[in-house]
Amino acid sequence: MLKTRIMPTLLYRGSGLVKGVGFDAWRTVGAALQAVRVYNLRQVDELVFLDIDATREGRAPDYGLIDDLADDCFMPLTVGGGIRSVEHVKRLLEVGADKVSIGSAAIEVEGLVANVADRFGAQCVVASVDVRSTPEGWRVARRSGTCPTDLCPIEWSRRLEAEGAGEILLTSVERDGTMQGYDVELCRAVSDAVGIPVIASGGAGCTDHVRAVLREGNASAAAMASVFHFTELTPLEIKAELRGDGFPMRSSSLW
Amino acid sequence: MNVGVIRYGAGNIDSVVRALEVCGATPLVIDDAALLDTVGAIVLPGVGAFGHGMAALRERGFIEALQSEVLGNEIPFLGICLGMQLLATRGEEGPERWHDGLGWIEGDVSRLPADERVPHVGWNEVYPADTDGGDALMRGIDPGRDFYFVHSYRVVPDDAAAWAASTPYGAPFCSAVVREHIWGVQFHPEKSQSAGFEVLKNFLEAAC
């Protein structure tokens, strides 16, 4: 049986890792290489590494940095931030990324998701969908949540799937960093609308939140950051608890 | 041992190289088909589209070189993910669009059935076909050990004897193939931490 993944997210800015609230109010939380090494020792299921300034600053991905991180990462690594071309993806895969996360450029660069999927396969394209609640309902935001669009996340996720995305990384901007729980309704709406796995992101503060988004939100995986940066909880503790509830969790020599 | 890792523009080579190093091998990245006869074992990694993968091997002259080394000189071979799929007779890409593969394992590569979410991404169980340890690659791997998968297509061998392992996803699919000194794995041993290293070490041992 396919196991439910618990995925730490690392947000990179300038020279280190940060974590904010609502895609804002960033705090420094450590060094990237050290964090990757710790998560590797802890045998986490998968890592998400996002360079949150690259797109806004018009930078390409930092291949040297990813090369260094990947050398210590014997688990799957998804890399995002600044990816705007097939060439960017090719170079990231060459230095050790297993999947790429494409968000703003999926909206702004016509055909990018389709071209990357054609060339490297749908399985390496994680389409990142950042969502804000508006009076008109859920709307997709781009550029690290700063630029609103009129895209409905359900329709947009369906389109991304049709273009060749292999997974959706679905983040609630309002819940991000609050540790008040995922937007379970949003996750269920998107997850039920697509046939590809949806990774829930934004809001995890405890195991109950993760359980809710998996059970009621129909997420295939749960990504989280603050809960690992600011509480004592570890990925393994969350997994042990969920395993007790009957969720399929990866066997580990650390149990 | 020198292990050649073939680079043909189909994805993440670095992780395979690093994992082989950790397992005690001396990996050599091979861009030039003429250098393939300098290694004691060959690993063909790769992700992505079947047709593109075969075309990329052909363009770089790897098909003849692989046939000569792996079939002719019996150099041990391990295909990973797309590298496993390319072993098959032919591969599907979109409805009724087929490309010829290396043809070392008789069978087709086709899309996973849509009764589960596709792509199949994440950690899933691997059940070695030969539980007596007869197959060198999967020796010592407990049935049901979790490995990392990320793929939309899978090999369907014609001959049941080619199955080295199976994985349940809806119906069980073939997650590893074997034919004498030729192996292929659908999962990523280089991303499966300790379980993956055991498989890679088994391969290196079999290649000695």
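Just above sits the structure.
This one's a predicted model, so the numbers in the text were calculated from it and none came from an experiment.

Undergrad: How should I be thinking about unusual backbone geometry in this particular structure?
TA: Negative phi characterises most residues that are not glycine, and trans characterises most peptide bonds. A cis amide bond links B:V118 with the next residue in sequence, B:P119, at an omega value of 5°. One can find B:P119 in the loop between β7 (105-111) and β8 (120-128). For A:F23, which is not glycine, the phi dihedral falls at a positive 60°. With respect to the helices and strands, the residue A:F23 is situated in the loop between β2 (16-21) and β3 (24-30). Take A:F23: its relative accessible area is 17%, and that puts it in the buried class. Residues other than glycine seldom take positive phi values, yet A:Q43 does so here, at roughly 55°. Note that A:Q43 resides in the loop between α1 (32-41) and β4 (47-51).

Undergrad: Is there a simple way to think about the packing of aromatic side chains in this case?
TA: One pass over the structure, following the stated rule, counts nine aromatic pairs over all chains. Each ring, one from A:Y39 and one from A:F228, has its centre 6.3 Å from the other, and the planes form 65°; the classification is edge-to-face. Here the residue A:Y39 occupies a position in helix α1, and A:F228 occupies one in helix α9 (residues 226-230), the gap between them amounting to 189 residues. Seen in terms of ring centroids, B:W183 and B:F203 are 6.1 Å apart; in terms of plane orientation they differ by 85°. Their pairing is edge-to-face. Of this pair, B:W183 sits in strand β13 (residues 182-185) while B:F203 sits in helix α5 (residues 193-207); the two residues are 20 residues apart in sequence, bridging distant segments of the chain. Site record: aromatic cluster; members linked through ring pairs are B:F147, B:F149, B:F173 and B:F187. Sitting over the ring of B:W123, A:R250 keeps its end group 3.5 Å from the ring centre.

Undergrad: In this structure, what is going on with the environment of B:K201? I would like to understand it.
TA: Residues and elements named next belong to chain B. As for its placement among the helices and strands, K201 is situated in helix α5. Exposure remark for K201: the relative accessible area of 43% places this residue in the partly exposed category. Put simply, K201 and D100 are 101 residues apart on the chain and 31 Å apart in space, counted from C-alpha to C-alpha.

Undergrad: Please clarify how the sheet that holds strand β12 (residues 171-179) of chain B should be interpreted in this entry.
TA: Within a beta sheet, neighbouring strands are joined by backbone hydrogen bonds and run either parallel or antiparallel to one another. Residues and elements named next belong to chain B. Within the open sheet, the nine strands sit side by side as β2-β1-β3-β4-β13-β12-β11-β8-β9. Their pairing is mixed. Each edge of the open sheet carries a strand with a single partner, namely β2 (26-30) and β9 (145-151). Looking at each pair of strands side by side, their axes are set apart by 30° on average, direction ignored. Direction of pairing for β8 relative to β9: antiparallel, over a ladder of seven bridges. Counted as the bridge partner of W123 is Y148 from β9. Packed on one face of the sheet, α5 meets β1 (2-6), β3 (41-44), β4 (77-80), β8, β9 and β13 and runs near 90° to β9.

Undergrad: Just checking my understanding: could you explain the packing of helix α3 (residues 86-95) of chain A against helix α5 (residues 112-120) of chain A for this structure?
TA: Residue and element names in this part refer to chain A. Where α3 contacts α5, the two axes come as close as 9 Å, and the packing angle between them is 40°. Viewed along their axes, α3 and α5 adopt a mutual orientation that is oblique. Our pair here, α3 against α5, has a crossing hand that is right-handed. Here V86, V89, K90 and L93 of α3 lie close against α5, whose contacting residues are L112, N115, V116, R119 and F120. Residues of the contact of α3 with α5, tallied by class, amount to six nonpolar, one polar and two charged.

Undergrad: Honestly, the interface of chain A and chain B in this entry has me stumped. Any pointers?
TA: By a widely used convention, the size of an interface equals the accessible area lost when the partners come together. Of the residues lining the interface, 41 residues belong to chain A; the matching set on chain B comes to 33 residues. For the chain A and chain B pair, buried surface summed over both sides reaches about 3,000 Å², with 49% attributable to carbon and sulfur atoms. On the chain A side of the contact with chain B, A:L2, A:F74 and A:Q123 bury the most area, a combined 25% of that side's loss. At the junction of chain A with chain B, the criterion picks out four salt bridges. Taking the shortest distance from any N to any O, the salt bridge between A:K3 and B:D146 comes out at 2.8 Å. When contributions to the side of chain A that touches chain B are tallied by element, the ones reaching two or more residues are α2 (63-71), α3 and α5 of chain A. Partitioning the side of chain A that touches chain B into residue classes produces 16 nonpolar, eleven polar and 14 charged.

Undergrad: Is there a simple way to explain the sheet that holds strand β5 (residues 88-92) of chain B in this structure?
TA: Residue and element names in this part refer to chain B. One open sheet holds the four strands; their spatial order is β6-β5-β7-β10, and the pairing between them is mixed. Each end of this open sheet is capped by a strand with a single partner; those strands are β6 (98-100) and β10 (153-157). Neighbour-to-neighbour, the strand axes of this sheet turn through a mean angle of 25°, independent of strand direction. Both β5 and β6 contribute to a ladder of three bridges, which runs antiparallel. Residue pairing in the sheet places R90 in a bridge with D100 of β6. The strands that helix α2 (residues 50-59) touches are β5, β6 and β7; relative to β6, the one it contacts most, it runs at about 25°.

Quick notes on the rules
- Residues numbered from 1 in each chain as written.
- Chains lettered and ligands numbered in written order.
- Predicted model: local features only at pLDDT ≥ 70, side-chain atom pairs only at ≥ 80, totals over all residues.
- Heavy atoms only, no water.
- Helix = DSSP H or I, 4+ residues; strand = E, 2+ residues; numbered from the N terminus.
- Buried < 20%, exposed > 50% of the residue type's maximum accessible area, 1.4 Å probe, protein only.
- Phe/Tyr/Trp six-rings, centres within 6.5 Å; stacked < 30°, edge-to-face > 60°.
- Lys NZ or Arg CZ within 6 Å of the ring centre and 35° of its normal.
- Pairing = 2+ DSSP bridges.
- Axes fitted to C-alpha atoms, helices over the stretch in contact; angles between N-to-C directions.
- Contact = heavy atoms within 4.5 Å.
- Parallel < 35°, antiparallel > 145°, perpendicular 65-115°, else oblique.
- Left-handed = near helix turned anticlockwise from the far one by under 90°.
- Nonpolar A, V, L, I, M, F, W, Y, C, P; charged D, E, K, R; others polar.
- Buried area = accessible area lost by both parts, 1.4 Å probe.
- Salt bridge = Lys/Arg side-chain N within 4 Å of Asp/Glu carboxyl O.

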